[in-house]
Amino acid sequence: ETNKLYCTSVKCCIFELKAELNSDKKEKKKEAVKKVIASMTVGKDVSALFPDVVNCMQTDNLELKKLVYLYLMNYAKSQPDMAIMAVNTFVKDCEDPNPLIRALAVRTMGCIRVDKITEYLCEPLRKCLKDEDPYVRKTAAVCVAKLHDINAQLVEDQGFLDTLKDLISDSNPMVVANAVAALSEISESHPNCNLLDLNPQSINKLLTALNECTEWGQIFILDCLANYTPRDDRESQSICERVTPRLSHANSAVVLSAVKVLMKFMEMLPKDLDYYGTLLKKLAPPLVTLLSAEPELQYVALRNINLIVQKRPEILKHEMKVFFVKYNDPIYVKLEKLDIMIRLASQANIAQVLAELKEYATEVDVDFVRKAVRAIGRCAIKVEQSAERCVSTLLDLIQTKVNYVVQEAIVVIKDIFRKYPNKYESVIATLCENLDSLDEPEARAAMIWIVGEYAERIDNADELLESFLEGFHDESTQVTTQQNTQVLHKHTQNTPDSDNPDLRDRGYIYWRLLSTDPVAAKEVVLAEKPLISEETDLIEPTLLEELICHIGSLASVYHKPPNAFVEGSRGVQHKRLPARTASGESAESPDAGQSVGGVSDAPPAVIPSQGDLLGDLLNLDLAPPSASVPVVPASMQMGVDLLGGGLDSLVGLHRPSGSQYLSGDIGGSPIAVGLAGGTGGMPAGLGGTPAMGGGLGDLFDLGGGVGMATGSYVPPKAVWLPAMKAKGLEISGTFARRGGGIHMDLSLTNNAMSIMTDFAIQFNRNSFGLAPAGPLQVLTPLAQNQTIDVSLPLNTNGPIMKMEPLNNLQVAVKNNIDVFYFSCQYPISLLFVEDGKMDRQVFLATWKDIPSENETQYQIKDFHLNSDAASTKLQGSNVFTVAKRTVDAQDLLYQSIKLTNGIWALAELRIQSITPNYMLALKCRAPEVSQYICQCYELLLRN
């Protein structure tokens, strides 16, 4: 019958369908509607039949009514005026005795995204939210979320959000689940609204409904529970006990949601608690069961297990065998299992793991074999007792003479040499026998490192290195850089000229070191190297915590926070695991988290990684702040300290006069670690009593001439569109920031022979979402040789696309003659917002947290303003001075900038009285922006 419908619908014409829809016979009318829906399904345009189909709504036949409603949902948006005809029927159906029809009517009205209809939906929706039938109430709950998406203000004004909150206390579990789902959806789009005001009473109601609602309702409720922070460990344990039965559910999504809740609430349980151990044992079986599903589900489960194992490896430490690879597993499952095997490897199971890995290394899948060989090396580094056995296994694999196996083995043996120096060098001879077979850059670079590092043990090391130099210009950068370094080991530096500037500069530095002081060169190049860490691919702890809070979602599969891949996620909130709280103290207590001295143990707040606009458009992998920052060794200091004694001194961390300054003491001292990592209490110098020398009171005294804002700089107008390219229309313009808003100031000149009217403007997608906030206001015709000045207000709510350069803006201007296109560039200072002054403690913590590779150095030459005048001038354009200090006859201004999309930039401006040059050091989590901000500094200071 279905085939007949589709065939007929393609053949018959609109005229025939119209006649059948207006037939007096109910069956014929029903068949006609079926044909219309069939045509619509295959993509045929049947919108011309809208009035005829709408007339069929007046029927008692439920099947026909469903078909008509389906048609309405599809075409109402394209025919909004006609859709109004259906409103009376909707209102009438919302009062039908049949609850199915009432629910169907309110569901359809919610799906019709037409503004004109929404005002008619309010009263029927209000009645359905309080309907006696739970099926109608649960449908109405979802409808509120849909209506909120269309017109949020209307929903708030009508009080639907309060009604939705009341439904959480409903007697029917499915109504509760749908109310939770609707409120969660609304909260995601408006994260600042605390709609789900969870408390112990509401949590108890949700847990009661959890046992009785459908599987998808359970997921909604579990996800909601995961957003709750219990008051203490007793409440946490109580919730865990009531959620644990969900682990045995047949639906894998329910299982993962339950795991998410338990993983989060376990953070608050004392580890010596008996229940804590019991919970660990209960978590393992459901995770193992997920691995018996089809490959796609296995992969999702494995990606989530990978996160769980990194956070709590003890959960699956006895389940190694389930992660052994099967012959028929897809490659993506094999690779994930291999990764988890390494994470679970320990002294207790290393023997069986190595036996498995050796077996995998003889497989036919090249990618899998490579990963298996690398896994053997990771085992050697992770489990020291197994290192000798791993090296022996790798030598056996090298003897197979399989090219890619040999090359991977050499790469991992290099890492083993670094982890265990002077222990396994006896294998070097075997490695040298395979030199001729190395053709991959990473393997060649590893072998060059080995030969150079252990040159004194290799008789013909010179010859071996020279053999690598024969094709120097054809090698990859990785290989040539390693050659450069290891040749220096032999004091035979003869690097040919290279097109690679990094390589060439490295060669010059080595040559100068050797020609100036060979002893110093030896100390630099042959210095003791730090041991490599056991786990080099662990997810950064703060990011791992956030991903644990997103178990069962795409974030846990991508291993990226939602803001990294969800387009337009402007309001995404970063989730964190709760801190462990004793049952005697409430999480809401103002004393919670205070140390003995009354100073908070918590680290200073760090500006979070930006999760929108530029962060998305540049596709930056902006992980949350690192929990620890690497120490910058003194040997890396070149000349004067860029931080002038370190940022620590900004907050009164006094040091003895004879102590050596590291580069900002970033992470180097116990004090710095306490600030950045939050592991220790705050130093006394940061509390109520200043350290020696006046501490904060002196260092942050900005009263000495740092004035108020004087207004932001506006560049002079430039010709953006010459008259010869626009049929006589000339457009000049500039950009300005006034009163907290962005403006494009235009001058339109008519050099043509005719009058110009009907002006309009449109922007292409751009890096920061700049878009007109209103129409181009040219209220009178533009006469011949006349010029009109227009100010166009802009906002940053437009579509995003990375431009080259980043501040490029493509514009289209239309008038009665034609459409004209031009591009212009706006200064990034246009986007500096007025609330960009950062707290001093936050500045310090954020500066330390941003990686050093994100720092940009910039010199502003021939400039003669003093520090106070420079600070005042910059503040006029929303570059705020957080602190000012004077060190060795030079002023240092520490400044913060915030862009419209939430990106922060931190700067240190160094002003020396003896030289007319300024030095600017800029740190930003989005380094692509840095060069433009540096250019703005010079533009603002010079004008």
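The coordinates are above.
To keep things clear, this report deals only with the structure shown in the data block. Everything numeric here is computed off the predicted structure, so don't read it as measured data.

Before going further, it helps to spend a moment on the packing of helix 5 (residues 62–75) against helix 8 (residues 99–111). Viewed as axis vectors pointing N to C, helix 5 and helix 8 meet at an angle of 10°, and their least axial separation amounts to 10 Å. The angle between the axes of helix 5 and helix 8 places the two elements in the roughly parallel class. On the side of helix 5, the interface is formed by L62, K65, K66, Y69 and M73, while helix 8 contributes L100, I101, L104, A105, T108 and C111. Its residues assigned to classes, the contact of helix 5 with helix 8 shows eight nonpolar, one polar and two charged.

Read across the sheet, three strands follow the order 4-7-8 without closing on themselves; strand pairing throughout is antiparallel. Each of the sheet's edge strands pairs with one partner strand only, and the pair in question is strand 4 (760–763) and strand 8 (819–825). The mean angle between the axes of side-by-side strands here comes to 25°, regardless of whether they run parallel or antiparallel. Bridging between strand 4 and strand 7 (residues 808–814) involves four bridges; their strand directions are antiparallel. When the bridges of strand 7 are listed, I761 appears paired with V813.

Before going further, it helps to examine the packing of helix 22 (residues 366–382) against helix 24 (residues 403–419). For any two helices packed against each other, one specifies the inter-axial angle together with the distance between the axes. Their axes nearest at 9 Å, the elements helix 22 and helix 24 cross at an angle of 20°. The orientation of helix 22 with respect to helix 24, classified from their angle, is roughly parallel. For the pair helix 22 and helix 24, the crossing hand works out as right-handed. Only Y404, V405, E408, A409, V411, V412, D415, I416 and K419 of helix 24 make contact with helix 22, whose side of the interface consists of V366, V369, R370, V373, R374, G377, A380 and I381. Here the contact of helix 22 with helix 24 is composed, by residue class, of 11 nonpolar, one polar and five charged.

As a further point, take the packing of aromatic side chains. One pass over the structure, following the stated rule, counts eight aromatic pairs. Judged by centre distance (5.3 Å) and plane angle (35°), the rings of W720 and F735 are tilted. Of this pair, W720 sits in strand 1 (residues 718–721) while F735 sits in strand 2 (residues 729–738), and the two are 15 residues apart along the sequence. In this structure, W720 and F735 share a single accessibility class: buried. F735 sits in the buried class, given a relative accessible area of 2%.

We now examine the sheet that holds strand 12 (residues 904–912). A sheet is described by the order of its strands in space; here five strands give the open sequence 9-13-12-11-10, paired in antiparallel fashion. In this open sheet, the two edge strands, each paired with only one partner strand, are strand 9 (855–860) and strand 10 (880–887). Here the average twist between neighbouring strands, direction ignored, is 20°. As defined by bridge partners, strand 10 adjoins strand 11 (residues 890–898) across seven bridges and the pair is classed as antiparallel. Directly across from T881, in strand 11, lies its bridge partner Q895. Along the sheet face, helix 36 (residues 840–849) touches strand 9, strand 10, strand 11, strand 12 and strand 13 (918–924) and points at about 95° away from the line of strand 12. With respect to the sheet, helix 38 (residues 930–942) is in contact with strand 9, strand 11, strand 12 and strand 13, its orientation differing from that of strand 9 by roughly 25°.

Let us look at the pattern of salt bridges. This structure, assessed with the given rule, holds 30 salt bridges. Between R738 and D745 there is a salt bridge, with the nearest N and O atoms lying 2.9 Å from each other. The partly exposed category is assigned to R738, whose relative accessible area is 37%. On the accessibility criterion, D745 (12% relative accessible area) is buried.

Formed by 176 residues in total, the largest nonpolar core has its most connected members in Y71, L72, L125, L206, V243, L357 and F417. When residues no more than four places from it in sequence are discounted, the contact partners of L72 are F50, V54, M57, A86, F90 and I112. Membership of the second largest hydrophobic core comes to 62 residues, among which are L748, V790, F820 and A870.

So, about helix 26 (residues 441–453). For helix 26, with 13 residues, the first-to-last C-alpha span of 18 Å sits near the 18 Å given by 1.5 Å per residue. The element helix 26 is largely enclosed, with a buried count of 11 among its 13 residues.

Here E804 and P805 are connected by a cis peptide whose omega angle stands at 0°. Mapped onto the fold, P805 is located in the loop between strand 6 (787–795) and strand 7. If you check the backbone angles, H559 has positive phi at about 60° while not being a glycine. By the element assignment, H559 lies in the loop between helix 32 (554–558) and helix 33 (614–617). Of note, N878 is a non-glycine position whose phi angle comes to about 65°, a positive value. Its location among the elements puts N878 in the loop between helix 37 (867–875) and strand 10.

Residue position: T881 is located in strand 10. Here S871 takes part through its side chain, which lies 2.7 Å from a polar atom of the side chain of T881. Here Q895 takes part through its side chain, which lies 3.2 Å from a polar atom of the side chain of T881.

Moving on: the pairing of strand 12. Most of strand 12 is tucked away, with eight of its nine residues classed as buried. Alignment of strand 11 against strand 12, held across nine bridges, turns out to be antiparallel. Along strand 12, the bridge assignment pairs S896 with L906. The antiparallel hairpin formed by strand 11 and strand 12 contains five residues in its connecting segment, where G902 sits at a positive phi of about 90°. Pairing between strand 12 and strand 13: seven bridges, direction antiparallel. Pairing of E908 across the sheet is with A921, part of strand 13.

Conventions and cut-offs
Every chain is numbered independently, its residues counted from 1 as its sequence is written. Note on the predicted model: pLDDT of at least 70 is required for a residue's local features to be given, and 80 or more for side-chain atom pairs to be given and counted; whole-chain, interface and lining totals, by contrast, use all residues. To get the side-chain values, take all heavy atoms of the structure and skip hydrogens and water. For helices, the fitted line uses only the C-alpha atoms of the stretch in contact; every axis is such a line through C-alpha atoms, and the angle between N-to-C directions lies from 0 to 180 degrees. Strands are runs of DSSP state E lasting at least two residues, helices are runs of H or I lasting at least four, and both sets are numbered from the N terminus onward. Note on angle classes: values under 35 degrees are labelled roughly parallel, values over 145 roughly antiparallel, values of 65 to 115 roughly perpendicular, and the remainder oblique. We call two residues in contact when some of their heavy atoms are within 4.5 Å. Each residue receives one of three labels: charged for Asp, Glu, Lys and Arg, nonpolar for Ala, Val, Leu, Ile, Met, Phe, Trp, Tyr, Cys and Pro, and polar for the others, Gly being one of them. For two strands to count as paired, DSSP must find a minimum of two bridges between them. A crossing counts as left-handed when the near helix is turned anticlockwise from the far one by less than a right angle, and as right-handed when that turn is clockwise. Any Phe, Tyr or Trp ring, taking Trp's six-membered ring, that has another such ring centre within 6.5 Å forms a pair; planes under 30 degrees apart are called stacked, those over 60 apart edge-to-face, and the others tilted. Only protein chains enter the area calculation, which uses a 1.4 Å probe; residues under 20% of their type maximum are buried, those over 50% are exposed, and those in between are partly exposed. Salt bridge, as used here: a side-chain nitrogen of Lys or Arg that lies within 4 Å of a carboxyl oxygen of Asp or Glu. Nine residue types can take part in a nonpolar core, namely buried Ala, Val, Leu, Ile, Met, Phe, Trp, Tyr and Cys, and a core is a set of them joined through side-chain atoms within 4.5 Å. In a helix, the anticipated span is given by 1.5 Å times the number of residues less one. A 3.5 Å cut-off defines polar contacts: any pair of N or O atoms within that distance qualifies, except that in protein one atom must be a possible hydrogen donor and the other a possible acceptor, and neighbouring residues in sequence count only when both atoms are side-chain atoms.

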